[in-house]
Amino acid sequence: MTYINPVKDLGKLLLQVEKPSRYVGGEYGRLARREATLQMLIAFPDLYEIGMSNQAFRILYNGLNQIAGISCDRAFAPAPDFEGLLREQGMPLYGLDTGISLGDCDVLLFTLGYELGITGVLTMLEAASIPLHASERTEAHPIVIMGGPCVSNPLPYSRFIDAFWIGEAEGGFFELTRALLALKKAEEGRTALLDRVVAHPSVWTGGKEGVKRAMDVHFATREASAAVYPVPSMKVVQHHGAVEIMRGCPNGCRFCHAGYWYRPMRQKSAETIEQEATAFITEGGYRTISLSSLSTGDYKRLNELVDSLNQTYAARHISFQLPSLKVSTFSLPLLGKISETRKSGLTFAVETPVDAWQLAINKDVSLNMVSAILQEARKNGWRGAKFYFMIGLPVGLDAADSKEEVEIVNFILEIARRTGMHFNINAGTFVPKPHTPYQWMAQIDEEGAGKKLGYIRFKLKALGHKVGIQDPFVSSIEGLISRGDERVGALIEEAYQKGCRLDAWSEFFQKAVWRSLFETHKALIEEITGPRSPDVPLPWQSIEPGISLKYLKTECLKSESGTLTAACQEKCTHPCGICGTENRVIENTTQSHATVLPLGPETSAKNREPPTWRILFAFTKQDSAIFQPHLALMELFSMALIRAGIPVLYSQGFNPLPRLEIAAPLSIGIEAEAEMAAIDTDVFFAGETFKQGMNTALPEGIRIGDVMNVTIPLGAKKHSLSSLLWGCSYKGDSQEDALVKARDEKKYRQSRIGPEGSVFGLTRRSVLAKDPHDPEQGVSYFTVYRKLYPEY
């Protein structure tokens, strides 16, 4: 097997790419290991900061690594600069935990949450020297399996993937991997393992019919199992702990693929949610926890749950987010509760503004309802809100001719008139998705969508509102892939071969390439994005989502008549086919009970104004940590302080932060032997206990060395580390230590940059403070603190 150590094997070359920390691993909580019988790897077809925020990725990674005998590493799509570097060096794409080449794994898992991520899949396969076509793979190659919501129609991807897992991983995939492990222990080869995969009733391959979507029937009753690890070392898109409180949605919005694909609604108990939130805080170190679901406001006893979590954690400056509150379940008192630590924004997914159109899509969000909420919100300190709209919804009018853009503008203007607020408006194009009531509908064409979106932006931006619109051409590509058949695979491959990568990112999107392909394959695009007859089988009908085709047709007819369907309940009045002996709607029935956790050791000086308790410490920055920038380093320490249970003091204000200071920022690529930092605590906390706790809570390459407790008396001046900074001591590969004053440090580093423009190989030995008796001399911070505060 080939293993890559990026720090050693690429070294200073990593400084040539943007955000090298994406590619070096070393995070806290890595779980994969080289010594395992079955080597698996989750390959996420987007950048690190997207993939590390993905719920499915975390469920798979944590779940598979709990199975004895299985190791599941992880890798992410490389940005073009890093892809080019790997190609230049003849080096394969590798797992971040063990360094294993993707091509040497037994099983390679892709999870696809957005159709345009498919070029990321091809990028990762080619970067690992794995044939793009499943038909060309041999016993020497890994089995390539893809899952995720996009594979509800797997046909466009079928030429690239060996097998597709249809549905939720907890609905049988972990059991399937145990069967593969047993085959591997029996020394069976790739063919035997693939045959076992394909035989599963929830696995689709070309030509297979009647594939049933896997469902996690134990989601609501399983013991708490938070998918905490690994904790990212760099800032990711959703840098918070995510507790999935509910899967599925009861509301039946007819445009929503996820709402139908993840039926039935299942709610975890309040006790389980509190346990998982605790794990994300105490084991992950997160200060923000998202209570996530498709419609969080529908969770039973949500107010009680939030009350309990706030009572337990508010004193620790932990905040909770409710990302999916529908307007009919909106409660300002509830929003006030989750804003006790940080004030949350107001978001309204209106989708379409006319009441009759709302009924057509099975929503009920009236202008008066939104206006009343915002008028009350303004009285309580909110100054704006965010709105989501879609154009092109099949709401009883011809999508191209309806004046929905005018109605959207009028809706916002009337709300603004009533409330005196300015808003952020996000507008996109509706894409009819498989396995929904609108799967037979045509998608609005790019030209028509562009005119409507342009009108919304022009009218509202001029009045001081912020307007973001999704490129309608990107939506056209999304529609082509999501509704396509095997023919679309050839088009995807052609786009990839012509340079398309990371198409969801505007800076990487090759619009001209896709445009030329659309012109070349115009007839195919029109066929796929056009209307479908309900009497003709759809390409994806070999997939059985659990919802009957008859029910979807009925919902489509109810959309035309503007008839509402009631939300799903335990006692169903409109069966869709999903519920049965094991699958059923489950609501929370338990009441939350707050448990206020201790913040740290009790202080013995409760009746007097306390002094400042400060811990001064030195730390290393080595190995993969040298590629972490200063702000990421601050966040790493902040999270480690929570994991280690350190009673750190927090700043005041809108977004309280730990009272943590690092004496001098350090450039990416430079090692450090004794950086200086300090924290203030709200009680005396022994330095050695701090050191031991932190060294078990920090990621690779960062370790606490010397530590000193300092007590700053009440009224004494509190010297910041930066105010005492004299300079630093450096060493290179072939020279003596150099003492460099702070004002000369930038010039010194520039003088050490080699012909290839790199500071790699330079080490900062120590950070020095000004000697109180001779400011021209640099001495140890510990020495200075002893002189400033002798009674420590």
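Whatever comes next refers back to the structure up there.
A few points on the structure. Numbering of residues begins from 1 in every chain and follows the order in which that chain's sequence is written. Local features in this predicted model are restricted to residues whose pLDDT is 70 or higher, and side-chain atom pairs enter the listing and the counts only when it is 80 or higher, whereas totals over whole chains, interfaces and linings include all residues. Computation of side-chain values covers all heavy atoms of the structure but excludes hydrogens and water.

### Brief notes about the sheet that holds strand S1 (residues 38-44)
Whether parallel or antiparallel, the strands of a sheet pair through hydrogen bonds between backbone atoms.
Right, on to step 1. Strands were regarded as paired on the criterion that DSSP finds at least two bridges between them. The numbering of helices and of strands both runs from the N terminus, where a helix is a DSSP run of H or I of at least 4 residues and a strand a run of E of at least 2. The six strands are arranged S2-S1-S3-S4-S5-S6 in an open sheet whose pairing can be described as mixed. Bordering the open sheet on either side are strand S2 (70-76) and strand S6 (203-204), each of which pairs with just one other strand.
Right, on to step 2. With four bridges joining them, S1 and strand S3 (residues 107-111) adopt parallel strand pairing. Bridging across to S3, Leu 41 finds its partner in Leu 108.
Right, on to step 3. When checking whether two residues touch, look at their non-hydrogen atoms; a contact exists if any pair is within 4.5 Å. Interaxial angle, 0 to 180 degrees, is taken between N-to-C directions of lines fitted to C-alpha atoms, where a helix line uses only the stretch in contact. Of the strands in this sheet, S1, S2 and S3 touch helix H3 (residues 55-64), which is tilted by about 150 degrees from S2.
Right, on to step 4. Contacts from helix H5 (residues 118-127) reach S1, S2, S3 and strand S4 (143-147) within the one sheet, and its direction differs from that of S3 by about 160 degrees.

### Quick notes on the pattern of salt bridges
A side chain with one charge may pair with a side chain of the opposite charge, provided their charged atoms come close.
Right, on to step 1. Salt-bridge detection follows one rule: a side-chain nitrogen of Lys or Arg within 4 Å of a carboxyl oxygen of Asp or Glu. If you walk through the whole model with that rule in mind, you get 43 salt bridges.
Right, on to step 2. Salt-bridge contacts for Glu 49 lead to Lys 19; the nearest nitrogen and oxygen are separated by 3.5 Å. Taken as a pair, Glu 49 in helix H2 (residues 48-51) and Lys 19 in the loop between helix H1 (6-9) and S1 lie far apart in primary sequence, 30 residues in all.
Right, on to step 3. In this scheme, a residue with accessible area under 20% of its type's maximum is buried, one over 50% is exposed, and one in between is partly exposed, where area comes from a 1.4 Å probe on protein chains only. Among the residues examined, Glu 49 registers a relative accessible area of 5% and is labelled buried.
Right, on to step 4. With its nearest N and O atoms 2.9 Å apart, the salt bridge here joins Lys 212 to Glu 544. Taken together, the residues Lys 212 in strand S7 (residues 211-212) and Glu 544 in strand S17 (residues 543-544) connect sequence positions 332 residues apart.
Right, on to step 5. Since its relative accessible area comes to 48%, Lys 212 is described here as partly exposed.

### Focus: the packing of H5 against helix H17 (residues 486-497)
Right, on to step 1. At their nearest, the axes of H5 and H17 sit 10 Å apart, and the two run at 65 degrees to each other. Helix-helix and strand crossings are classified by hand; for H5 and H17 the assignment is right-handed. Contacts between H5 and H17 involve Ile 118, Thr 119, Leu 122, Thr 123 and Glu 126 from the first element and Ile 492, Glu 493 and Tyr 496 from the second.
Right, on to step 2. Class assignment of the residues belonging to the contact of H5 with H17 gives a composition of four nonpolar, two polar and two charged. Helix crossings get a hand from a simple test, with the near helix turned counterclockwise from the far one by less than a right angle marking a left-handed crossing and a clockwise turn marking a right-handed one. Ten residue types, Ala, Val, Leu, Ile, Met, Phe, Trp, Tyr, Cys and Pro, are classed as nonpolar, four, Asp, Glu, Lys and Arg, as charged, and the remainder, Gly among them, as polar.

### Quick notes on unusual backbone geometry
Right, on to step 1. In this structure, the amide linkage connecting Tyr 229 to the following residue, Pro 230, adopts the cis form with an omega of -10 degrees.
Right, on to step 2. Along the polypeptide, Pro 230 turns up in the loop between S7 and strand S8 (241-244).
Right, on to step 3. Positive phi, close to 65 degrees, is recorded for His 317, a residue that is not glycine.
Right, on to step 4. Take His 317: it is sitting in the loop between helix H10 (302-313) and strand S12 (319-321).

### Points about the packing of aromatic side chains
Right, on to step 1. Centre distance within 6.5 Å is the pairing criterion for rings of Phe, Tyr and Trp, where only the six-membered ring of Trp is used; planes under 30 degrees apart are then read as stacked, over 60 as edge-to-face, and the remainder as tilted. This structure, assessed with the given rule, holds 24 aromatic pairs.
Right, on to step 2. Measuring from centroid to centroid gives 6.1 Å for Tyr 28 and Tyr 229, while their planes differ by 65 degrees, and the two rings are edge-to-face. Placement of the pair is Tyr 28 in the loop between H1 and S1 and Tyr 229 in the loop between S7 and S8, with a sequence separation of 201 residues.
Right, on to step 3. A centroid spacing of 5.6 Å and a plane angle of 50 degrees characterise the contact between Tyr 785 and Tyr 789, whose relative ring orientation is tilted.
Right, on to step 4. By relative accessible area, which is 0% here, Tyr 785 ends up buried.
Right, on to step 5. These aromatic residues form a ring-pair network of at least three members: Phe 348, Phe 387, Phe 389, Phe 411 and Phe 423.
Right, on to step 6. Each ring is checked for a lysine NZ or an arginine CZ that lies within 6 Å of its centre and within 35 degrees of its normal; such an atom marks a charge sitting over the ring. Lying across the ring of Tyr 3, Arg 34 places its NZ or CZ 4.0 Å from the centre.
Right, on to step 7. A cation sits over an aromatic face here: Arg 643 above Tyr 28, 4.0 Å from the ring centre.

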